[in-house]
Amino acid sequence: MNNEKMIDHANGVSTSRKDIKYPFESPIPGVHIYNDVWLDHDKFFNKIETDEYWADPHNFASIPWVREDYLDEETGKKSETCWVEHDMDIENGLGDTLDSYLAHWNVETRSRESFRITKFSGNGDFFGMHSDDGFGTPRTVSMVYYATEDYDGGEIEFIHFGVKIKPKAHQLFLFPSGYSYEHKVAPVTGGREPRITIVSFFNQMTFEERESRRKYIPADGSHYTQQVHFPISQFFNGTDWKS
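Basis of the calculations
- Residues numbered from 1 in each chain as written.
- Predicted model: local features only at pLDDT ≥ 70, side-chain atom pairs only at ≥ 80, totals over all residues.
- Heavy atoms only, no water.
- Helix = DSSP H or I, 4+ residues; strand = E, 2+ residues; numbered from the N terminus.
- Buried < 20%, exposed > 50% of the residue type's maximum accessible area, 1.4 Å probe, protein only.
- Contact = heavy atoms within 4.5 Å.
- Areas by Shrake-Rupley, 256 points an atom, 1.4 Å probe, with all protein chains shown as cover.
- Phe/Tyr/Trp six-rings, centres within 6.5 Å; stacked < 30°, edge-to-face > 60°.
- Lys NZ or Arg CZ within 6 Å of the ring centre and 35° of its normal.
- pLDDT = per-residue confidence, 0-100.
- Polar contact = N/O pair within 3.5 Å; in protein donor to acceptor, adjacent residues only side chain to side chain.
- Patch = residues over 30% accessible without salt bridge, like charges linked within 9 Å, V, L, I, M, F, W, Y side chains within 5 Å.
- Salt bridge = Lys/Arg side-chain N within 4 Å of Asp/Glu carboxyl O.
- Expected span 1.5 Å × (residues − 1).
- Bend = angle between axes of the 7 residues up to and from the residue.

## Section: the overall build of the protein
- A count of helical and extended segments in the protein gives six helices and 17 strands.
- Of all 243 residues assigned to the protein, the portion counted as buried reaches 52%.
- Sequence-distant contacts in the protein: of pairs separated by 6 or more residues, those separated by 24 or more amount to 75%.
- Total accessible area on the protein stands at roughly 11,500 Å², and carbon and sulfur atoms take up 51% of it.

The following block contains the structure:
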């Protein structure tokens, strides 16, 4: 991190490669929380609720809504999830803020996983303790975008830092994926809306390097780590790419 970025860090801002500064909060070293991100996200969330979206042949690599109910509250998950491989609404809404984080920490990523949209309903949906990075699922930077806030429970807790946060709508969380940042999502116990997030992971490995490890992942979990390989610069300038 050079002197300019050190000054940015002290002032709580990160600068994208478009030279746009984004203010952030940092409750834990390495964790950035950006507020008021992608204020016009309704178009995206409305379209993924339609049959037409999932029937579109351009979305052939995406996976419609499924329930993920497994294990127990300590280490398991209970939610409804879909996977979106590529969507310009997401990329235009989040891309430059994400770029400012990667540039701030001098992280060069070479691939990402599909966008995972998850609904935690108010009947106790949760996500137990986990770190995002692992041998079979190598990840460098974790991204969580929060679309809603009017629910009870659902706090994210970073276990080893003793920090629990109730996210707000339009917040973007970015943080290292490693074991020190193990976290969990408290059960959602009620409220007027589900806890809805978009999650993805950005990696310093190429798709091919990551695939060499996939043989160690059980076949019934292969959908869980759907990945996309792309030149990182194309994620931020709006040009199209192919997986």
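There is more to say after this.
## Details of the packing of aromatic side chains
- Counted according to the given criterion, the structure contains nine aromatic pairs.
- Between the aromatic rings of F161 and Y181, the centroid separation amounts to 5.2 Å while the plane-to-plane angle is 40°, which identifies the pairing as tilted. Of this pair, F161 sits in the loop between β11 (156-158) and β12 (163-165) while Y181 sits in the loop between β13 (171-176) and β14 (183-185); the two residues are 20 residues apart in sequence, bridging distant segments of the chain.
- Overall, F161 belongs to the partly exposed group, its relative accessible area being 34%.
- Above the plane of the ring of W65 lies K119, whose end atom (NZ or CZ) is 4.4 Å from the centre.
- Directly above the ring of F201 sits R139, whose terminal nitrogen or CZ lies 3.9 Å from the centroid.

## A short note on unusual backbone geometry
- Residue W38 is not a glycine yet carries a positive backbone phi of 50°.
- Mapped onto the secondary structure, W38 falls in the loop between β3 (32-34) and α2 (42-47).
- Taking the relative accessible area as the measure of exposure, W38 reaches 8% and is therefore buried.
- Even without glycine at this site, H170 takes up a positive phi of about 70°.
- You can see H170 is positioned in the loop between β12 and β13.
- A relative accessible area of 17% means that H170 is categorised as buried.

## Some points on the confidence of the model for the protein
- With 88% of its residues at a pLDDT of 70 or more, the protein shows a mean pLDDT of 88.
- Note on residues 222-243: pLDDT under 50 across the span, and 75 contacts to partners over four residues away in sequence or across chains.

## Structural notes on the side chain of R112
- Its location among the elements puts R112 in strand β6 (residues 111-113).
- With a relative accessible area of 0%, R112 lands in the buried category.
- A distance of 3.5 Å separates polar atoms of two side chains, one belonging to R112 and the other to E91.

## Some points on the environment of E68
- Considering the arrangement of structural elements, one finds E68 in strand β4 (residues 63-70).
- For E68, a relative accessible area of 4% puts it in the buried group.
- When the C-alpha atoms of E68 and T118 are compared, they prove to be 9.6 Å apart, with 50 residues separating the residues in sequence.
- In this structure the side chain of E68 is engaged in a polar contact, spanning 2.8 Å, whose partner is the side chain of K77.

## A look at a nonpolar patch on the surface
- Together, M1, M6 and W105 make up a nonpolar patch on the protein surface, roughly 280 Å² of accessible area in all.
- The exposure class of M6 is partly exposed, given its relative accessible area of 47%.

## Thoughts on helix α4 (residues 88-104)
- Counted at 1.5 Å a residue, the expected span for α4 with its 17 residues is 24 Å, and the 24 Å between its end C-alpha atoms agrees.
- Residue G95 marks the point of greatest curvature in α4, where the axis turns by about 45°.
- In the segment just after α4, N106 is the residue with positive phi, at about 55°.

## Focus on the pattern of salt bridges
- Here the structure, examined in full by the defined rule, presents 15 salt bridges.
- E113 serves as the salt-bridge partner of R139, at 2.7 Å between the closest nitrogen and oxygen. Here E113 lies in strand β6 and R139 lies in the loop between β8 (126-130) and β9 (141-146), a separation of 26 residues in the sequence. In this structure, R139 and E113 share a single accessibility class: buried.
- Between R192 and D150 there is a salt bridge whose closest N-O contact spans 3.7 Å. A residue pair is termed long-range when its members are at least 10 positions apart, and R192 in the loop between β15 (188-191) and β16 (195-203) and D150 in the loop between β9 and β10 (151-153) qualify at 42 residues.
- Residue classification places R192 among the exposed residues on the basis of a relative accessible area of 77%.
- Of the residues examined, D150 reaches a relative accessible area of 32% and is grouped as partly exposed.
- Residues participating in the shared-partner salt-bridge network are K43, K47, D87 and D89.

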